[in-house]
Structure formats: C-alpha cells, structure tokens
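Each chain, letter by letter, is given below.
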Amino acid sequence: MAVNPVFDAPTLIATKRDGHRLTDASIDWLIDSYTRGVVAQEQMAALLMAIFLRGMDARETARWTTAMIASGERLDFADLRRNGRRVPTVDKHSTGGVGDKITLPLVAVVAACGAAVPQASGRGLGHTGGTLDKLESIAGFDATLSTARLRDQLAEVGAAIFAAGACAPADAKLYALRDITATVESLPLIASSVMSKKLAEGAAALVLDVKVGSGAFMKTVGQARELAGLMVELGTAHGVPTRALLTDMNSPLGTTVGNALEVAEALEVLAGGGPEDVVALTVRLAAEMLALAGLDTRDPAATLSDGTAMDAFVAMVGAQGGDLSVPLPMAACSETISASRGGTMGEIDAMAVGMTAWRLGAGRSRPGERVQAGAGVRIHRRPGEPVSAGEPLFTLYTDTPERFGPARAELDGGYRVHGVHDVHGTPAAPRPLIIGATP
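Definitions and cut-offs
- Residues numbered from 1 in each chain as written.
- Predicted model: local features only at pLDDT ≥ 70, side-chain atom pairs only at ≥ 80, totals over all residues.
- Heavy atoms only, no water.
- Pairing = 2+ DSSP bridges.
- Helix = DSSP H or I, 4+ residues; strand = E, 2+ residues; numbered from the N terminus.
- Core = buried A, V, L, I, M, F, W, Y, C linked by side-chain atoms within 4.5 Å.
- Buried < 20%, exposed > 50% of the residue type's maximum accessible area, 1.4 Å probe, protein only.
- Contact = heavy atoms within 4.5 Å.
- Expected span 1.5 Å × (residues − 1).
- Patch = residues over 30% accessible without salt bridge, like charges linked within 9 Å, V, L, I, M, F, W, Y side chains within 5 Å.
- Areas by Shrake-Rupley, 256 points an atom, 1.4 Å probe, with all protein chains shown as cover.
- Salt bridge = Lys/Arg side-chain N within 4 Å of Asp/Glu carboxyl O.
- Axes fitted to C-alpha atoms, helices over the stretch in contact; angles between N-to-C directions.
- Parallel < 35°, antiparallel > 145°, perpendicular 65-115°, else oblique.

**Student:** What am I meant to see in the sheet that holds strand β14 (residues 415-418) here?
**Tutor:** Strands pair in a sheet through their backbones, by hydrogen bonds, and they do so in one of two ways: parallel or antiparallel. On the basis of which strands lie adjacent, the open sheet formed by three strands has the order β12-β10-β14 and antiparallel pairing. The sheet terminates laterally at β12 (386-387) and β14, the two strands that pair on one side only.

**Student:** Is there a simple way to explain the nonpolar core in this structure?
**Tutor:** Here is a general trend for soluble globular proteins: nonpolar side chains tend to be buried in one another's company. Core analysis: the biggest nonpolar cluster contains 66 residues, and Val110, Phe313, Met316, Val377, Phe394 and Leu396 have the highest contact counts within it. Every residue in contact with valine 377, bar those within four places of it in the chain, is listed here: Thr255, Thr256, Val257, Leu261, Val353, Thr356, Ala357, Leu360, Phe394, Thr395 and Leu396. Among the nonpolar cores identified, the runner-up in size contains 38 residues, and Leu145, Met218, Ala224 and Val232 belong to it.

**Student:** Looking at this model, I keep getting lost on helix α9 (residues 187-200). Mind explaining?
**Tutor:** Since one α-helical turn is 3.6 residues long, residues separated by three or four positions face the same way. Its 14 residues give α9 an end-to-end C-alpha distance of 20 Å, which sits within 8% of 20 Å, the value for a rise of 1.5 Å per residue. Extensive coverage of α9 is indicated by the burial of 14 of its 14 residues. Remark: glycine 202 follows α9 within two positions and exhibits a positive phi of approximately 95°.

**Student:** How should the environment of phenylalanine 141 be read in this particular structure?
**Tutor:** Within the secondary structure layout, phenylalanine 141 lies in the loop between α6 (131-135) and α7 (147-156). Taking the C-alpha atoms as reference points, phenylalanine 141 and glycine 72, separated by 69 residues in sequence, lie 24 Å from one another. Contact partners of phenylalanine 141, with chain neighbours within four places excluded, come to Leu135, Glu136, Ile161, Val317, Gln320, Gly321 and Gly322.

**Student:** Hey, could you run me through a nonpolar patch on the surface in this one?
**Tutor:** Together, Met49, Phe52 and Leu53 make up a nonpolar patch on the protein surface, roughly 270 Å² of accessible area in all. With respect to the helices and strands, leucine 53 occurs in helix α3 (residues 41-54).

**Student:** How should I be thinking about the pattern of salt bridges in this particular structure?
**Tutor:** Oppositely charged side chains can form a pair if their charged atoms are brought close together. In this structure the tally under the stated criterion is 23 salt bridges. Between glutamate 60 and lysine 16 there is a salt bridge, with its nearest N and O atoms 2.9 Å apart. Note that glutamate 60 is positioned in helix α4 (residues 58-70) and lysine 16 in helix α1 (residues 9-17), a separation of 44 residues in sequence. For glutamate 60, a relative accessible area of 2% corresponds to the buried category. One salt bridge connects aspartate 91 with lysine 198, and the closest N-O pair in it is separated by 2.6 Å. Of the two residues, aspartate 91 sits in strand β3 (residues 91-94) while lysine 198 sits in helix α9, which places them 107 residues apart along the sequence. A relative accessible area of 0% places aspartate 91 in the buried class. Residues joined in a network through salt bridges with shared partners are Asp24, Asp28, Arg59 and Arg63.

**Student:** Before we go on, may I ask you to explain the packing of helix α2 (residues 24-35) against helix α8 (residues 169-179) in this structure?
**Tutor:** It is the contact of α2 with α8, at a shortest axis distance of 9 Å, that shows an interaxial angle of 80°. In terms of orientation, α2 lies roughly perpendicular with respect to α8. In contact with Ile31, Tyr34 and Thr35 of α2, α8 contributes Pro169, Ala170, Lys173, Leu174 and Leu177.

In structure tokens, the structure reads:
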C-alpha cells in the first residue's frame, strides 16, 4: 500500500473535526505513521474524538480497516491439516459485554467438533471484560504465540486464544488508546477494530456476536443491526463468509463478572453445568460456526455432556503453558450486599455491574495497567428468582478494600427487588437471549 509523506496529523484532525471525509491516501498514511510512532498518542487521541463525534462513512471505514490489516501480518491457514486431513478454520467475535465468558467454552466446543479456532483476543475495553485478562488468571497461561507455534497448536489441539501480536498492530495501539479516551462507543471504530483483527488472523469463516442493551456498546437493536451489517460487509468484501447474531446484553451473562471468577464459571459449563444462558449462547454460536465450517452434522451440546469440550480446553490451556491444577486467584477482600426485603429479583443492569467490577479492579484506567485477577462481582439472584429478606444478592471482590465504596455507588440503583405489593407491579418478562441474525 503506497504511503504519501505529504500528510500531517494536525490537518487530518482538523479535516475530521470539521465534518469532512478522510481520503484513502490520508488514512493509509495515518495508520502507518501511527503504528511507527510518527503520529503521537495525543494527536491520535484528538482524531479518535473527532471520529467519535463526526463519524466515518462506509468507504472511510473500509479503508481504515484495510490499512490496519496492512499494518502487520495476515495469517493463512488454508492448508491446515490434522492426521492428513484438511481442518476448516472458523472464529467468533463478541462486540463486548458484561460477564461474557462465552469464548472460553465456545472455542473448546468447536474444536471438539472437528474445526480449528484461531481466536485472536483482546484485553478489557471500558466496562467490558477482556478474554486475555480472564485467561491470564490461569497460572502460567501465555497468550503470546509465534505464527509457527500457533499453526502447530491449531493442527494438534484445534484451538488457540492469543494476543493479536503481529496481526493488525495498529489496532492493538488504537484499542488501548480508545479504552482510556472515552472513544470506545463509535460504530466505525468498533467495526474496523473487530474486522481488522479478525480478518488478519486467518480464519476462513467468522461468526459475530453483536451485543445489544445497557451493558453493550450498541444500546438499541437499530444500532446493533447497523454495526452487524457493516461488519458482515467488511468480512464478505475480504473473502471471509461472515454471519452475525444479535444477542441481549441488558443483564450480565451468567452469575459472575471479573477475570478468575469468569474462568471458574466457564469451567462449570465445560463440566456440563453452569448458568443456562451461558450454555445456551455457547451452543447456539457453536452451531453457527460449525455450519459455516461445513461441520453442521456435529452436535455441540454433546461435547459438554460427554467431556470432549473440557478435554479440548485443558489441552489448549496446557499447550499455552497454563496449569489448571493450580487454584485460580481469589481476592483478598469481599463484601456482601444483602436484600433489604423479600420478593422477586427484578432486572439487573449490565452496565452498573460492569462498572462495579471495573471499580473493584477487574478493568484498567490507563494502558498497561495490571488488572486484579480475583476482582469482580458474584450475582446470587438472577432476574425472576425469589428473594428472601437478608439473603445475599451480590458479593463484591477486590484486593484493595478502599474500592468498595465507589463500587457500591456504581451498583446502587442497578437492580431492584420487587415486593409482593410493589406499586410498580411484577417484574417484566425475561428478554429473549437471541434477538436476531444478519444476514
């Protein structure tokens, strides 16, 4: 890709600030220069805010995505084989949610069904958790894989969850900067971030889990459909069959939000148990992935009951240096929030819980900051479940007890217990987990 040296960052910032579109050549220069450190963090932060406020059109977004792919290596696993037979590759990406530990059991389920899953993942972004942060709570787990090691692991184990590394390095820098500059919730930036990383990682097909609701970056179904459509178009344009599901994120997924807490819950799912919503979404996404991979005769649910998904997960973690025999980290301090009255648990606001976990130390407020592996929230009563006065509703975990006050403030007002004579009536009926699909 040709890079034109006549551009400069202040001019491009002003162009987007004033509502004009960036040319293909200027985007190529910008992404290349930022990746090499020529464009400063302060300048890119200003441009990201201009994009957040002014947006980018479909052509700008497509070029931004292509430029980020070109910033690094694009992997190719078309010739991947296991025992002499070609292995189809397929991946999944979630746009980010609260309690969204689906990737952990999902890659194991799909691998157990005969596909290979090269899952390039990220760290926490804003109030949403990061898959790598979760996995790194496992003793010894290494998310840094060379291309050769990645290929060998996919051939032998069928799954790898890894840091993007040489794939789309521009996105890695932008991802961290967006996290601390309040520029996460931008449709073109989300679409280009997701698709540059996913298209560079080499999977032959892709399923997208586009979250909708209070705990998602897309708050409405209309916004989510627009994002899903844009990402499907980007994938298709690059020759990767892409499908998207719209799923509910008004309430947290499962009963835990945090890093080690979510790993423990994922292990419950792999052992044949776990929360119903986590199991249901895992199985549905696996079915979509297997269909795109041409393996739709396999039953993903069976891998959870017969133990083959657990075997695949243990093999993947072991191949990346992880030791599941070592107990997962536990926070040094905990605090319980109990019900002040009996009744029925109403809706639990996913954003409130996500911000609570962030306040407790499960997320970061600046690039490179270490997260607390044991920090987070355990939810004891799900929406619609009966509640007795005085029983635990939430347990908060952190290594730094001074965080409890700000965390409680985030959670306050994020849930409600409906009494039998509540003037507001009975709790609303549960929302469907799967809202729709694109295309």
